Amino acid sequence: MKIRVGVFFGGKSVEHEVSVISAVQAMKNLNEEKYDIIPIYITKKGEFFTNAVMREIKAFEDVDLLLQKSQRVTFINYENKVVMTKYPAKKLGKNDISYIDVALPVTHGTNVEDGALQGYFKSLGLPFAGCDVLSSAIGMDKYVSKVLLRNGGFPVVDGYRYSFVNYKNPENVVNDIEKKLEYPIIIKPVNLGSSIGISKVNTKEELEVALEDAFSYASAIIAEPCVANLREINCSVLGDIEFAEASECEEPLNASDILNFHDKYEDGGKSSKAGMASLKRKIPANISDELRENIRKTAVESFKYLNCNGVARIDFLLNNHTQEFYINEFNTIPGSLSFYLWDKIGMKYNALLDRMIELALKRFRQESEITFSFDTNILSNAGLGSKGSKL
Ligand SMILES: Nc1ncnc2c1ncn2[C@@H]1O[C@H](COP(=O)(O)OP(=O)(O)O)[C@@H](O)[C@H]1O
Ligand SMILES: [Mg+2]
C-alpha cells in the first residue's frame, strides 16, 4: 500500500505564493511508486481546499476560479486515522475523501512555519514532516533562537528586543538603541522572513523610519550590530536529534546590501517559477575547506541542539576579513526545501523527501510510546459532594 502524503501549502503568511512554488516542486519530486500525493492548499484565510490539478503551477494563475472548482475539506481523527472529509458535509453520499498517513507541510512564514500548523497536526494525531511545534516556534523567532543558541555556546550577533509596548514611546526606544549600539545598525521584525521590514541604518533619522517600518509588520523587533565585510553562507541540515548531516554550502549573491524580497522571489522566481532555487547563488560557496567544515559542523550541532527534524536551512553571516561567522537564522521549512544544496552532494530531491517522511513517521512512533494518560478514577467521585479541595 502506498503512503498517503498530504502536501500542505499556502496559508496566512506573506510568503504564501513562495510556498505554492515550493510545494509544486516538491509534489513533482515525490516518488509516485511509494506515495499517493494529495495536494492541500491553505487559502490566505486559513481554509483547506483540495484538487488534483493543484499539482501544477498553472492551476494557481486564477486562484478564485481554482477554489470554485476545488473541494473545501476539513480533517478529523477517526479510529486513530486522520480522514480528510468534505466541508460542509453533504447530507447524501460519501463525505470522506481520503485518509492521510503523513503531512508534508511546504509552508513558509508566520502561522504555518512557526509551530501553529504543526500544533494543529499534533492535535489531530497526524504525523508530519519537519520540525516539531517547539523547534518551529523557536526557529521563527529571531530573538528567542538567538538567546537559546548563545546559551548553547553557538556564535550569534548581539541583539536587543523591543516590543510594541516599548514602542509606545518611540523616543525611548531610539535613545536606548543608540546607547547600546554603534551605527550601522540592523533593525528587523522578530518573526518575519523574506527580508520584509528589515533595514540597515546609519543615522538617527534612518533609525526612526526603520522602526516605524519594522513595527508595521510585527509586534516586536530586534536591533543588532551590522556585521562588517559581510558575506552570507547558507547550509542545510537533514536528520533529527539522533543523526543529522550537512549539505553543501551556498553563497547567495544579492544586488543590494540586504537580500530583499525582490531579490529572493520576484526577480528570478516569477519568470522561472523556480523560487529559492533560482536565486543568484554560488554553490559551492567559495570559502576555504576549513571554514566550510566549521560552518557545516556548527549547522549540524545547532540543528540538533534545537531538536530540529527533517530539513532546515541555517543561514550564517560571515565577516570576510576576520573569517568570524555567526548563525543568523533558522529556516525550519526552507524555500524549495533546499533540495538544490543536496543534489550538489549527490542526494536527489526524491531521496530527500523520502528521508523527511521516514523521519516524520519515526518521530510519530517514538512519541506514541510516551505515556500521555493515566488510568485513574480521579473524576469518578467528582459529583458526590466532595469539596474537591484536592483538585
Ligand atoms: N546583523 C546583520 N549584519 C549585516 N547584515 C544583516 C544582519 N542581519 C541581517 N542582515 C541582512 O539582512 C538580510 C535579511 O535578514 P534575515 O535576518 O536573514 O531576515 P529574513 O528572515 O527576512 O531572511 C540578511 O540576508 C542579510 O543580508
Ligand atoms: Mg534570511
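Computed from a predicted structure; not experimentally measured.

Draft legend 1. Inspection of the pattern of salt bridges at higher detail. All chains considered together, the criterion is met by 23 salt bridges. The partner of Glu367 in a salt bridge is Lys122, with the nearest N and O atoms 3.5 Å apart. Remark: Lys122 occurs in helix H3 (residues 116-124) and Glu367 occurs in helix H11 (residues 349-368); sequence separation between them is 245 residues. When salt bridges with common partners are traced through the structure, they connect Glu248, Arg292, Glu293 and Arg296 into a single cluster.

Draft legend 2. Spatial organisation of the domain arrangement of the protein. Its domain assignment divides the protein into domain 1 (3-128), domain 2 (139-155 + 228-366) and domain 3 (160-225). Each of domain 1 and domain 3 was reduced to a C-alpha centroid, and the two centroids are 36 Å apart.

Draft legend 3. Spotlight on H3. Within the span of H3, buried status applies to Leu117, Gln118, Gly119, Phe121 and Leu124. Against the buried residues of H3 lie strand S1 (3-10), strand S2 (35-42), strand S4 (71-78), strand S5 (81-86), strand S7 (102-105) and helix H4 (133-140). Gly125 lies just past H3 and shows a positive phi near 85°.

Draft legend 4. Broad picture of the nonpolar core. Ranked by size, the top nonpolar core spans 39 residues in total, and within it Val7, Phe9, Leu30, Phe60, Leu104 and Leu337 carry the most contacts. Breaking this core down by element, the ones donating at least two residues are S1, helix H1 (16-29), S2, helix H2 (63-69), S7, helix H10 (339-342) and H11. No other element matches H11, which puts seven residues into this core. Looking at which domains feed residues into this core, each of domain 1 (3-128) and domain 2 (139-155 + 228-366) supplies at least three. Setting aside residues up to four positions removed in sequence, Phe60 forms contacts with Phe9, Val20, Val24, Tyr41, Met54 and Leu66. The next biggest cluster of nonpolar side chains, apart from the first, holds 27 residues, and it includes Ile138, Ala246, Phe325 and Ile327.

Draft legend 5. Structural context of the packing of H1 against H11. Where H1 meets H11, the axes come as close as 9 Å, and the angle between the chain directions of the two elements is 95°. Relative to H11, the element H1 is oriented roughly perpendicular. Listed contacts from H11 to Ser22, Gln25, Ala26 and Asn29 of H1 are Tyr349, Asn350 and Leu353.

Draft legend 6. A look at the sheet that holds S2. The strand order S6-S5-S4-S3-S2-S1-S7 describes an open sheet built from seven strands, whose pairing is mixed. Only two strands of the sheet have a single neighbouring strand rather than two, namely strand S6 (96-100) and S7. Each adjacent strand pair in this sheet contributes to an overall mean axis angle of 40°, direction not counted. Strand direction decides the pairing type here: S1 and S7, joined by four bridges, are parallel. Paired with Val7 across the strands is Leu104, a residue of S7. Helix-sheet contacts for H3 involve S1, S2, strand S3 (48-50), S4, S5 and S7, and the interaxial angle to S4 is about 50°. Here H11 sits on the sheet and contacts S1, S2 and S7; the angle it forms with S7, its principal contact strand, is near 130°.

Draft legend 7. Region of the structure containing the confidence of the model for the protein. On average, residues of the protein score 91 in pLDDT, and 90% of them are at 70 or above. Confidence over residues 268-273 falls short of pLDDT 50; this stretch has ten contacts with residues more than four positions distant or in other chains.

Draft legend 8. Local environment of the sheet that holds strand S14 (residues 281-282). Ordered by their spatial adjacency, five strands build an open sheet running S14-S13-S12-S15-S16, and the pairing between neighbours is antiparallel. The open sheet has two edge strands with one neighbour each: S14 and strand S16 (324-331). Note that strand S12 (residues 230-239) and strand S15 (residues 310-319) share ten bridges and pair antiparallel. Paired with Asn234 across the strands is Asp315, a residue of S15. Against the sheet, helix H9 (residues 289-305) contacts S12, strand S13 (244-252), S15 and S16, and its axis sits at roughly 125° relative to S13.

Draft legend 9. Representation of the packing of aromatic side chains. One pass over the structure, following the stated rule, counts 15 aromatic pairs. Between Phe154 and Tyr305, the aromatic rings sit 5.3 Å apart at their centres with planes inclined by 55°, giving tilted as the arrangement. On the criterion of sequence distance, the pair formed by Phe154 in the loop between helix H5 (142-151) and strand S8 (160-163) and Tyr305 in helix H9 is long-range, its members being 151 residues apart. Looking at Phe154, the relative accessible area reads 11%, which means it is buried.

Conventions we followed
- Here the residue index of a chain counts from 1 through its sequence in written order.
- Whichever chain is written first is A, and whichever ligand is written first is 1; the rest continue in order.
- Selection of residues for local features in this predicted model requires a pLDDT of at least 70, selection of side-chain atom pairs for listing and counting requires 80 or more, and totals for whole chains, interfaces and linings are taken over all residues.
- The side-chain figures draw on all heavy atoms in the structure; neither hydrogens nor water molecules are used.
- A side-chain nitrogen of Lys or Arg and a carboxyl oxygen of Asp or Glu constitute a salt bridge if their distance falls within 4 Å.
- Helix and strand assignments follow DSSP, with helices taken as H or I runs no shorter than four residues and strands as E runs no shorter than two, numbered in order from the N terminus.
- These domain boundaries are the output of an automatic or database domain assignment.
- Note on classification: 1.4 Å probe, protein chains only; a residue is buried when its accessible area is under 20% of the maximum for its type, exposed when over 50%, partly exposed between these limits.
- Contacts are assigned to residue pairs with any non-hydrogen atoms lying within 4.5 Å of each other.
- Residues belong to one nonpolar core when they are buried, are Ala, Val, Leu, Ile, Met, Phe, Trp, Tyr or Cys, and are joined through side-chain atoms within 4.5 Å.
- Axis angles are defined between N-to-C directions and span 0 to 180 degrees, where every axis is a line fitted to C-alpha atoms and, for a helix, only to the segment in contact.
- An angle below 35 degrees is treated as roughly parallel, one above 145 as roughly antiparallel, one from 65 to 115 as roughly perpendicular, and anything else as oblique.
- The pairing criterion is simple: DSSP has to find at least two bridges between the two strands.
- Note on scores: pLDDT gives the predictor's confidence for each residue, bounded by 0 and 100.
- Each Phe, Tyr or Trp ring, with Trp reduced to its six-membered ring, pairs with another whose centre is within 6.5 Å; inter-plane angles below 30 degrees give stacked pairs, above 60 give edge-to-face pairs, and intermediate values give tilted ones.

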